[in-house]
Amino acid sequence: MSESLNWLSVPEFADALSVEPAQVRDMLRQRDIVAVRRGENNALHIPAEFLIYTEGSRTRVIPTLPGTLTQLSDARLTDDEMIEWLSTDLDELGTTPLDALREGKRAPVRRAAQSLG
């Protein structure tokens, strides 16, 4: 698992979004975001890089992330593998898929993901 990521617990992720932890757990159930178990307590952690800061310092999940996760899931990647793929530099993108999504480059990321299936 990529150690270059900044990891947030469910409560920390909820704080960043200014929502209740139950809403983050709903997002996990709906597969809008994914998490992995880490640390001494084997608690769920979510990459902070899934968040984007917008006008007025409002924080939200990258809008194109849920659809990309669906595509990666369709390619039969596990949650760990999805996070690893999203955080690995890809030659065809010149950056990580997460950074490309943050820059609004959904189509190139989805094309790269298609090659997995």
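Just so we're clear, the structure is a prediction, and the values are computed from it rather than from any experiment.

What counts as what
- Residues numbered from 1 in each chain as written.
- Predicted model: local features only at pLDDT ≥ 70, side-chain atom pairs only at ≥ 80, totals over all residues.
- Heavy atoms only, no water.
- Patch = residues over 30% accessible without salt bridge, like charges linked within 9 Å, V, L, I, M, F, W, Y side chains within 5 Å.
- Areas by Shrake-Rupley, 256 points an atom, 1.4 Å probe, with all protein chains shown as cover.
- Salt bridge = Lys/Arg side-chain N within 4 Å of Asp/Glu carboxyl O.
- Lys, Arg positive; Asp, Glu negative; His and termini not counted.
- Charge placed at Lys NZ, Arg CZ, Asp CG, Glu CD.
- Helix = DSSP H or I, 4+ residues; strand = E, 2+ residues; numbered from the N terminus.
- Buried < 20%, exposed > 50% of the residue type's maximum accessible area, 1.4 Å probe, protein only.
- Arc of directions from axis to C-beta.
- Contact = heavy atoms within 4.5 Å.
- Pairing = 2+ DSSP bridges.
- Axes fitted to C-alpha atoms, helices over the stretch in contact; angles between N-to-C directions.
- Parallel < 35°, antiparallel > 145°, perpendicular 65-115°, else oblique.
- Nonpolar A, V, L, I, M, F, W, Y, C, P; charged D, E, K, R; others polar.

**Student:** Even after reading the chapter, I still don't get a negative patch on the surface, so can you show me in this structure?
**Tutor:** On the surface, D89, D91, E92 and D99 cluster together into a patch of negative charge. Summarising the element assignment, D89 is placed in the loop between α4 (79-86) and α5 (97-102). Assessed through its relative accessible area of 56%, D89 is described here as exposed.

**Student:** Just checking my understanding: could you explain helix α6 (residues 106-114) for this structure?
**Tutor:** An α-helical turn contains 3.6 residues, so any two residues separated by three or four positions project in the same direction. Every buried residue of α6 is accounted for by V109, R110, A112 and A113. Looking straight down α6, one finds its buried side chains confined to an arc of 160°; they lie on one side. With respect to the buried face of α6, the exposed residues turned more than 90 degrees away are R111 and Q114. Those residues of α6 that are buried lie in contact with α3 (65-74), α4 and α5.

**Student:** So what exactly am I meant to see when it comes to the side chain of E49 here?
**Tutor:** Tracing the chain through its elements places E49 in the loop between β3 (43-47) and β4 (51-54). Here E49 is in contact with S4, L5, N6, I62, L98 and R102, once residues within four sequence places are set aside.

**Student:** Any chance you could explain the sheet that holds strand β2 (residues 36-38) here in plain terms?
**Tutor:** By way of backbone hydrogen bonds, the strands of a sheet pair with one another, either parallel or antiparallel. One open sheet holds the three strands; their spatial order is β1-β3-β2, and the pairing between them is antiparallel. A single partner strand is all that each edge strand has here, and the edge strands are β1 (7-9) and β2. Each neighbouring strand pair of the sheet contributes to a mean axis angle of 55°, computed without reference to strand direction. Pairing geometry for β2 and β3, over three bridges, is antiparallel. Pairing of R38 across the sheet is with A43, part of β3. Relative to β1, helix α1 (residues 10-17) is tilted by about 95°, and along the sheet it contacts β1 and β3.

**Student:** Is there a simple way to explain the packing of α1 against helix α2 (residues 21-29) in this structure?
**Tutor:** Two quantities define a packed helix pair, namely the angle between the helix axes and the distance between the axes. At a closest axis distance of 8 Å, the pairing of α1 and α2 adopts a crossing angle of 105°. Comparing the axis directions of α1 and α2 gives the class roughly perpendicular. Of α2, the residues touching α1 (which contributes V10, P11, F13, A14 and L17) are P21, V24, R25, M27 and L28. Here the contact of α1 with α2 is composed, by residue class, of nine nonpolar, no polar and one charged.

**Student:** Would you explain unusual backbone geometry in this entry?
**Tutor:** Trans is the prevailing form of peptide bonds, just as negative phi is the prevailing case for residues other than glycine. Positive phi outside glycine occurs at S18, with the angle close to 60°. S18 gets classed as exposed once you look at its relative accessible area, which sits at 67%. Although it is not a glycine, N42 sits at a positive phi angle of roughly 55°. With respect to the secondary-structure elements, N42 resides in the loop between β2 and β3.

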